[in-house]
Amino acid sequence: MAVELLPGHRLTLLNSGAEYFPDLRRAIDQATRDIRLESYIFADDSVGRAIAAALIEAAGRGVRVRVLVDGFGSPEFAHTLLPGLAAAGVEAMVYRPELARLALRRHRLRRLHRKLVLIDDRIAFVGGINLIDDHDDGKLDTPRFDFSVRIEGPVIADIRHAMLRLWEITAWARLKRRPPAVGPGVPEPTNRGDQKAAFIIRDSIRHRRSIERAYLAAILAARQRVLIANAYFLPGRRFRSALIRAARRGVEVTLLLQGCIEYRLQHYATQALYRQLLGAGIRIFEYREGFLHAKVAVIDDRWATVGSSNIDPFSLLLAKEANLAIDNALFAADLNRPLAEALRARAQELPRDHWQKIPWYSRVLRWICYGLVRLAVSLTGQGHRQ
C-alpha cells in the first residue's frame with residue numbers, strides 16, 4: 001500500500017555535515033520555546049560539543065530542551081556530554097542504556113537509530129546524519145556522504161507525535177512512572193510550500209514494515225529509473241524480488257553501495273548478493289572515495305526518500321527508524337545531482353561478471369558472512385523473511 005503524501009511543505013536538502021550542522025545550529029539558536037532531539041550517535045567531539053553548547057545556551061534562555069540518545073550507538077554519552085547538559089537544565093535520557101554493555105541478549109540490537117530534531121513545533125530535520133565529526137574515522141580525507149532534510153509544513157505534527165511518544169515510553173521505562181506533561185499542544189499544521197511529503201517510521205508495534213512497504217510500493221510503480229544509495233544493503237527476498245522484477249520490465253535499476261570497508265561482516269555479507277543482482281541487469285556502483293552513510297532513493301525522477309533506515313535486517317526488522325518520503329520533481333532533482341556526481345567521480349561500477357572473477361574461497365567467505373548476519377538477526381527473535 002502506497003504512503004499518502006500530503007501537500008503544503010517547504011523542504012531543503014542538506015548534503016552531509018558541511019550543510020547540516022550549520023543549519024541545525026542556526027535553528028537551535030533561534031528556538032524560543034521547545035527543542036526535541038533524537039540521535040543514534042552524540043559524540044564527544046568538535047561537532048557533538050558544539051551542538052551540546054548550543055542546546056545549553058537554549059536552555060539558559062528558557063527553552064525547554066529534551067535529548068534522547070541511543071545506548072548502543074553512544075555508549076559514552078552518559079559519562080561525557082550528558083552531565084553537562086543535565087546541569088544546565090537540559091532533559092536528557094539514554095534509550096536502552098543496557099545496550100552499551102556487550103552481553104549478548106535477545107533484544108540487544110533493537111536500537112534507536114533515528115536522527116530527528118524538532119524546533120518550536122515549526123521546523124524539523126529528518127535524515128541519516130549523526131552528531132559526530134564527519135572526519136572522525138581518521139582514515140580518509142573525504143567526509144561521510146550523507147543527507148538530511150529541513151522540513152516546514154503539516155508533517156511536523158506527525159514528527160512531534162512520534163518523538164513525544166518515544167520520550168514518554170523511555171521515561172516510563174527508566175523512571176518507572178509517568179513523566180510530567182510535555183508542554184503546550186502542537187499548533188495547527190500550516191502550509192509552508194507546495195511540496196508533498198510523508199513522515200514514515202519503523203517500530204515494533206504498528207509500523208513494523210512501514211518503511212519497507214513505502215520502498216516496495218515505489219519500486220513496484222517505477223517505470224523508468226530506480227536509484228538507491230544505501231550504506232548497509234542486505235535486503236530480504238521480497239525487496240530483492242521487487243528490484244529484479246523492475247529491472248526485467250525495463251526499469252534502469254542502479255545501486256550505490258559501500259565500497260570502503262567499515263564493518264567487515266556486513267560489507268562481505270552484502271557482496272554475497274552481487275551475483276543475483278548483477279545477473280538480473282541491476283547496475284551496482286561501489287562508493288570508494290570515503291564512507292557512504294546515505295540512506296536515500298530517487299525513483300522516476302519524482303519520488304524520493306531521505307532518512308535513517310538502511311536496507312538491511314537490522315534497520316528493517318529491529319531498529320527504530322524514520323524516513324521522509326517526498327513526491328516532488330524539484331526535490332528529486334536536487335537529490336539526483338549529488339548522487340549522479342558520486343556515481344561519476346567517486347564510485348566504481350562493477351562488471352556483470354564481477355562475481356565469477358572472485359576466487360572461490362572469497363565467495364565462500366562472503367556467504368559465511370551472510371549466514372552470520374542472518375544468525376544474528378534470528379537471535380533477536382526476528383526472521384529474515386521480507
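Residues numbered from 1 in each chain as written. Predicted model: local features only at pLDDT ≥ 70, side-chain atom pairs only at ≥ 80, totals over all residues. Heavy atoms only, no water.

Describing the nonpolar core
For soluble globular proteins, the rule of thumb is that nonpolar side chains tend to be buried together.
For step 1, the next point in the chain: If you look at the biggest cluster of nonpolar residues, it comprises 45 residues, and the most contacted ones within it are Ile228, Leu243 and Leu255.
For step 2, the next point in the chain: In contact with Leu255, not counting residues within four places along its chain, are Ile228, Phe233, Leu243, Leu277, Ile282, Arg283, Ile284 and Phe285. (Core = buried A, V, L, I, M, F, W, Y, C linked by side-chain atoms within 4.5 Å. Buried < 20%, exposed > 50% of the residue type's maximum accessible area, 1.4 Å probe, protein only. Contact = heavy atoms within 4.5 Å.)

A few points about the pairing of strand E5 (residues 116-119)
For step 1, the next point in the chain: Taking every second residue as pointing to the same face, both faces of E5 are buried, with Leu116 and Leu118 on one and Val117 and Ile119 on the other.
For step 2, the next point in the chain: Two strands pair when backbone bridges link them, and strand E2 (residues 34-39) and E5 are joined in this way by four bridges, in the antiparallel orientation. Looking at E5, one finds that Ile35 is bridged to Ile119.
For step 3, the next point in the chain: Here E5 runs beside strand E6 (residues 123-127); their pairing, made up of four bridges, is antiparallel. Looking at E6, one finds that Ile119 is bridged to Ile123.
For step 4, the next point in the chain: Between E5 and E6, which pair antiparallel one after the other, the connecting turn spans three residues, and Asp120 there sits at a positive phi close to 55°. (Helix = DSSP H or I, 4+ residues; strand = E, 2+ residues; numbered from the N terminus. Pairing = 2+ DSSP bridges.)

Description of a nonpolar patch on the surface
For step 1, the next point in the chain: The grouping of Leu265, Trp360, Tyr361, Val364, Ile368, Leu372 and Leu375 at the surface amounts to a nonpolar patch, some 720 Å² of accessible area in total.
For step 2, the next point in the chain: Within the fold, Leu372 resides in helix H12 (residues 360-378).
For step 3, the next point in the chain: What makes Leu372 partly exposed here is its relative accessible area of 43%. (Patch = residues over 30% accessible without salt bridge, like charges linked within 9 Å, V, L, I, M, F, W, Y side chains within 5 Å. Areas by Shrake-Rupley, 256 points an atom, 1.4 Å probe, with all protein chains shown as cover. Salt bridge = Lys/Arg side-chain N within 4 Å of Asp/Glu carboxyl O.)

Details of the pairing of strand E10 (residues 252-258)
Taken residue by residue, a regular strand's side chains alternate between the two faces of the sheet.
For step 1, the next point in the chain: Of all seven residues in E10, six are buried; the element is thus mostly enclosed.
For step 2, the next point in the chain: For strand E9 (residues 225-230) and E10, the ladder comprises six bridges, and the chain directions are parallel. Each bridged residue has a counterpart across the sheet, and for Ile228 the counterpart in E10 is Leu255.
For step 3, the next point in the chain: In this fold, the crossover linking E9 to E10 by way of helix H6 (residues 237-248) has right-handed handedness. (Right-handed = clockwise from strand over helix to strand, strands pointing away.)

Re the pattern of salt bridges
For step 1, the next point in the chain: Under the criterion given, the structure shown has 21 salt bridges.
For step 2, the next point in the chain: Taking the shortest distance from any N to any O, the salt bridge between Glu38 and Arg114 comes out at 2.8 Å. Taken together, the residues span a long stretch of sequence, with Glu38 in strand E2 and Arg114 in the loop between strand E4 (91-95) and E5 at a distance of 76 residues. The residues Glu38 and Arg114 share a single accessibility class, namely buried.
For step 3, the next point in the chain: Here the salt bridges do not stand alone but share partners, grouping Arg33, Asp34, Arg36, Arg66, Asp121 and Arg160 into one network.

Here's the deal with helix H1 (residues 16-30)
For step 1, the next point in the chain: Here H1 is 15 residues long and its end C-alpha atoms lie 22 Å apart, about the 21 Å a rise of 1.5 Å per residue gives.
For step 2, the next point in the chain: All of the buried residues in H1 are Ser16, Gly17, Tyr20, Phe21, Asp23, Leu24, Ala27 and Ile28.
For step 3, the next point in the chain: If you follow the buried residues of H1, they end up packed against strand E1 (6-15), E2, helix H2 (46-60), E5, E6 and strand E7 (147-152). (Expected span 1.5 Å × (residues − 1).)

Brief notes about the confidence of the model for the protein
For step 1, the next point in the chain: Summing up the model confidence of the protein, the mean pLDDT is 88 and the portion of residues at 70 or higher is 88%.
For step 2, the next point in the chain: Considering only residues more than four positions removed or in separate chains, one finds that residues 102-106, a stretch of pLDDT under 50, has seven contacts. (pLDDT = per-residue confidence, 0-100.)

So, the packing of H1 against H2
For step 1, the next point in the chain: Close contact between H1 and H2 brings their axes to 9 Å; oriented N to C, the two are set at 15°. As far as their axial angle goes, H2 and H1 are roughly parallel. Of the two possible hands of crossing, H1 and H2 adopt the one that is left-handed. Counting all contacts with H1, which are made through Phe21, Leu24, Arg25, Ile28 and Asp29, the residues of H2 involved are Val47, Ala50, Ile51, Ala54, Leu55, Glu57 and Ala58.
For step 2, the next point in the chain: Here the residues of the contact of H1 with H2 are counted per class, giving nine nonpolar, no polar and three charged. (Axes fitted to C-alpha atoms, helices over the stretch in contact; angles between N-to-C directions. Parallel < 35°, antiparallel > 145°, perpendicular 65-115°, else oblique. Left-handed = near helix turned anticlockwise from the far one by under 90°. Nonpolar A, V, L, I, M, F, W, Y, C, P; charged D, E, K, R; others polar.)

Concerning the packing of aromatic side chains
For step 1, the next point in the chain: Scanning the entire structure with this criterion turns up seven aromatic pairs.
For step 2, the next point in the chain: Ring centres 5.4 Å apart and planes at 35° place the aromatic pair Phe42 and Phe77 in the tilted group. With Phe42 in the loop between E2 and H2 and Phe77 in the loop between strand E3 (64-70) and helix H3 (82-87), this residue pair connects regions lying 35 residues apart in the sequence. Phe77 shares its class with Phe42; the two are buried.
For step 3, the next point in the chain: Members of the aromatic cluster, joined through ring pairs, are Tyr20, Phe21 and Phe125.
For step 4, the next point in the chain: Over the face of the ring belonging to Phe145 we find Arg346, whose NZ or CZ atom lies 5.0 Å from the ring centre. (Phe/Tyr/Trp six-rings, centres within 6.5 Å; stacked < 30°, edge-to-face > 60°. Lys NZ or Arg CZ within 6 Å of the ring centre and 35° of its normal.)

Section: the packing of helix H5 (residues 210-221) against H6
For step 1, the next point in the chain: Relative orientation of the contacting elements H5 and H6 amounts to 15°, with a least axis distance of 10 Å. Between H5 and H6, the angle is such that the two are roughly parallel. Crossing of H5 over H6 shows left-handed handedness. Residues Glu212, Tyr215, Leu216 and Ile219 of H5 pack against Arg238, Phe239, Ala242, Leu243 and Ala246 of H6.

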